[in-house]
Amino acid sequence: TSFLTTQRFGRNIQYLDEVTSTQSVAHELAREGVHDGTVVIAETQTMGKGRMARPWESTKGKGVWMTVVIRPDVPPSQAPQFTLVAAVAIVNAIKSVCKNFTPTIKWPNDILINGRKCTGILTEMLAEMDRVEALLIGIGINANQQMEDFPPELQTIATSLSIEEQAEINRPQLVAELLNYLELYSNLYIKEGFKPIKALWEESSGTIGKQIKATTLREVIEGKAIGITEEGVLEIQLDNGEIKGVYSADIEIM
Ligand code: BTN
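Residues numbered from 1 in each chain as written. Predicted model: local features only at pLDDT ≥ 70, side-chain atom pairs only at ≥ 80, totals over all residues.

(A) Spotlight on the sheet that holds strand S7 (residues 131-142). Pairing is mixed across the open sheet formed by seven strands, whose spatial order is S1-S2-S3-S7-S6-S5-S4. For this open sheet the edge positions go to strand S1 (13-19) and strand S4 (104-106), each flanked by a neighbour on one side alone. Strand after strand, the sheet turns through a mean of 20° between neighbouring axes, direction not considered. Bridge count for strand S3 (residues 63-70) against S7 is eight bridges, and the pairing is antiparallel. From the neighbouring strand, Ile70 faces S7, where its bridge partner is Leu135. Where helix H2 (residues 79-97) meets the sheet, its contacts fall on S3, S4, strand S5 (110-113), strand S6 (116-128) and S7, and the angle it forms with S6 comes to roughly 145°. (Pairing = 2+ DSSP bridges. Helix = DSSP H or I, 4+ residues; strand = E, 2+ residues; numbered from the N terminus. Axes fitted to C-alpha atoms, helices over the stretch in contact; angles between N-to-C directions. Contact = placed C-beta atoms within 7 Å.)

Below, the structure is given as structure tokens:
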């Protein structure tokens, strides 16, 4: 791809036609010791994985279905922050390819356009003792689907870049921009910590300042999303003023 300006990310790309999941392929490669920045991309996935064991719809040839293997020298507790690094990278990559809309981030990891999901991120970790061996950053971008390409149950909640831009999306260009930003922001994170990422994330957030309903494994919390912490934890202010931090949840913006 002629638009790639990275040192490491995307310098080794495994480009496959059909896989069960790019996460599984990347997992094997990571176990075999591939370099930081190795990318697995497929035209379609027969068992695409979403968060919380949900399936991920991976229409053949229409999306960007990819996993980036990164090997940062950080403790496992910092893994979730890379999901936020990826989110800001994706938003900026989309913005550089699409001019007719502005994507927003729904905490922690959905990218929305006018309230509909166009991108999901799934971060998985291989850890050894207290070190991260590899992070598998799985990114699914609905690029060129038309509405009828989505199964009926997704047609009210999903969208694609092409539908919103009203133009065909150049997927190789999108992937290159994404890898450029991903390398830029993960370097920034490693060098300067979470602060600059947090600022970028908050700029693109469609969650902060909104009334939300967060469903965690244990409870349902309703309140106003007021910010994210240095750890990427979402802070919600309840009606009684109390502030609760959420590490992992499904968010509904009210
Ligand atoms: C979500 O929003 O639930 C996360 C979706 C992540 C989908 C991507 S597509 C590429 C990679 N391979 C997978 O099986 N899942 C991720």
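(B) Representation of the UniProt feature "binding site: biotin" (unreviewed entry) in the protein in the model. UniProt's feature table lists "binding site: biotin" (unreviewed entry) at Gln45 and Lys117, given in the numbering used throughout. For Gln45, a count of 26 C-beta atoms within 10 Å gives the class buried. Among residues more than four places away in sequence, those in contact with Gln45 are Val19, Thr20, Ser21, Thr22, Ser58 and Trp65. Among the secondary structure elements, Lys117 is positioned in strand S6. Judged by local crowding, Lys117 falls into the partly exposed class, with 16 C-beta atoms found within 10 Å. If near-sequence neighbours (up to four positions away) are discounted, Lys117 is found in contact with Asp110, Leu112, Ile157 and Ala158. (UniProt positions renumbered as here; feature names shortened; annotations may be inferred. Buried ≥ 20, exposed ≤ 12 C-beta atoms within 10 Å, placed from the backbone.)

(C) Local environment of the site of the ligand. The ligand sits among 20 residues. The nearest are Ser21, Gly50, Gly120, Gly138 and Gly140. Counting only elements with at least two residues in the shell around the ligand, the list comes to helix H1 (22-31), S3, S6 and S7. Counted by class, the shell around the ligand contains six nonpolar, 10 polar and four charged residues. (Near = placed C-beta within 6 Å. Nonpolar A, V, L, I, M, F, W, Y, C, P; charged D, E, K, R; others polar.)

(D) Structural context of helix H5 (residues 195-204). Residues of H5 that are buried include every one of Ile197, Lys198, Leu200 and Trp201, and no others. Down the axis of H5, the sector holding all buried residues measures 165°, keeping them to one side. Away from its buried face, by an angle of more than 90 degrees, H5 presents the exposed residues Lys195, Ala199 and Glu203. Elements that come into contact with the buried residues of H5 comprise H2, S4, helix H4 (171-192) and strand S9 (220-228). (Arc of directions from axis to C-beta.)

(E) Focus on the sheet that holds strand S11 (residues 243-246). The antiparallel open sheet is built from five strands, whose spatial order is S11-S10-S9-S8-S12. Sheet topology places S11 and strand S12 (250-253) at the edges, where each strand pairs with a single neighbour. Ignoring strand direction, the axes of neighbouring strands in this sheet form an average angle of 45°. Judged from the four bridges that link them, strand S8 (residues 211-215) and S12 form a sheet pairing that is antiparallel. Within the sheet, the bridge partner assigned to Ile212 lies in S12 and is Ile253.

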